[in-house]
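Below are the chains, spelled out letter by letter.
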Amino acid sequence: MKFFVAREVLERRDQSFRLVLPADEHSWLAPRAQQAIDYLRAGGFDVQGDLGELIPAPVPSSRRPDDVDETAVAALLTEVLALTLVEMGRRQGDVRWTGARSVDVEDAGD
């Protein structure tokens, strides 16, 4: 389920901003990336592409992940839940619910 939500729901939705690593966090990441590059070079691994591309470039952002308020989280959760239920229904096709219902199906016109 978590992979469905991540790949099929969250990655496909339009975001109002791009989530990037804050500039003050970049100072620890660049040296760590260089360590990984040094390890790969020293290990004799058959690497395709330029290892230098593993060093992250700072990207300006006016928003940090911690800046999201509870209202935005609740709105996203509602959207994720709705899309997940729609997708589960699509995947089940003609499989019908046979469990208990809160209304009589015959009376509801179903």
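Our subject is the structure listed above.
These numbers were taken from a predicted model, which means no experiment stands behind them. (Residues numbered from 1 in each chain as written. Predicted model: local features only at pLDDT ≥ 70, side-chain atom pairs only at ≥ 80, totals over all residues. Heavy atoms only, no water.)

Chemist: Can you help me understand the overall build of the protein in this one?
Modeler: Within the protein, the regular secondary structure consists of 4 helices and 0 strands. Element order for the protein, N to C, with α for helix and β for strand: α-α-α-α. The buried share of the protein, reckoned over its 110 residues, is 11%. Pairs at least 24 residues apart make up 69% of the contacts formed inside the protein by residues separated by at least 6 positions. For the protein, the exposed surface amounts to about 9400 Å²; the carbon and sulfur share of it is 55%. (Helix = DSSP H or I, 4+ residues; strand = E, 2+ residues; numbered from the N terminus. Buried < 20%, exposed > 50% of the residue type's maximum accessible area, 1.4 Å probe, protein only. Contact = heavy atoms within 4.5 Å. Areas by Shrake-Rupley, 256 points an atom, 1.4 Å probe, with all protein chains shown as cover.)

Chemist: Quick question: what am I supposed to make of helix α1 (residues 2-10) here?
Modeler: Structurally, the α-helix is built with 3.6 residues per turn, so residues lying three or four positions apart point the same way. Among all positions of α1, only Phe-4, Val-5 and Val-9 are buried. Projected down its long axis, α1 shows its buried positions confined to an angular sector of 95°, all on one face. Exposed residues lying more than 90 degrees from the buried face of α1 are Lys-2, Phe-3 and Arg-7. Those residues of α1 hidden inside the fold are in contact with α3 (70-92). (Arc of directions from axis to C-beta.)

Chemist: Which parts of the structure should I look at to understand the packing of aromatic side chains?
Modeler: Remark: the centre distance and the inter-plane angle together describe each pair of aromatic rings, the angle taken between the planes. Summed over the entire model, instances satisfying the criterion amount to 1 aromatic pair. Their ring planes at 40° and their centres at 5.7 Å tell us that Tyr-39 and Phe-45 sit as a pair that is tilted. Accessibility expressed as a relative area gives 55% for Tyr-39, which makes it exposed. (Phe/Tyr/Trp six-rings, centres within 6.5 Å; stacked < 30°, edge-to-face > 60°.)

Chemist: Could you clarify how one ought to interpret helix α2 (residues 23-42) in this entry?
Modeler: Spanning 20 residues, α2 covers 29 Å between terminal C-alpha atoms, matching the ideal 28 Å at 1.5 Å per step. Taking the largest bend as the criterion, α2 deviates by roughly 30°, centred on Leu-29, and proline Pro-31 comes between one and four positions later. Listed as buried for α2 are His-26, Ala-33 and Ile-37. Of the residues one or two after α2, Gly-44 is the one with positive phi, at around 70°. (Expected span 1.5 Å × (residues − 1). Bend = angle between axes of the 7 residues up to and from the residue.)

Chemist: Quick question: what am I supposed to make of a nonpolar patch on the surface here?
Modeler: On the surface, Met-1, Leu-81, Leu-85 and Met-88 cluster together to form a nonpolar patch covering roughly 420 Å² of accessible area. With a relative accessible area of 35%, Met-88 lands in the partly exposed category. (Patch = residues over 30% accessible without salt bridge, like charges linked within 9 Å, V, L, I, M, F, W, Y side chains within 5 Å. Salt bridge = Lys/Arg side-chain N within 4 Å of Asp/Glu carboxyl O.)

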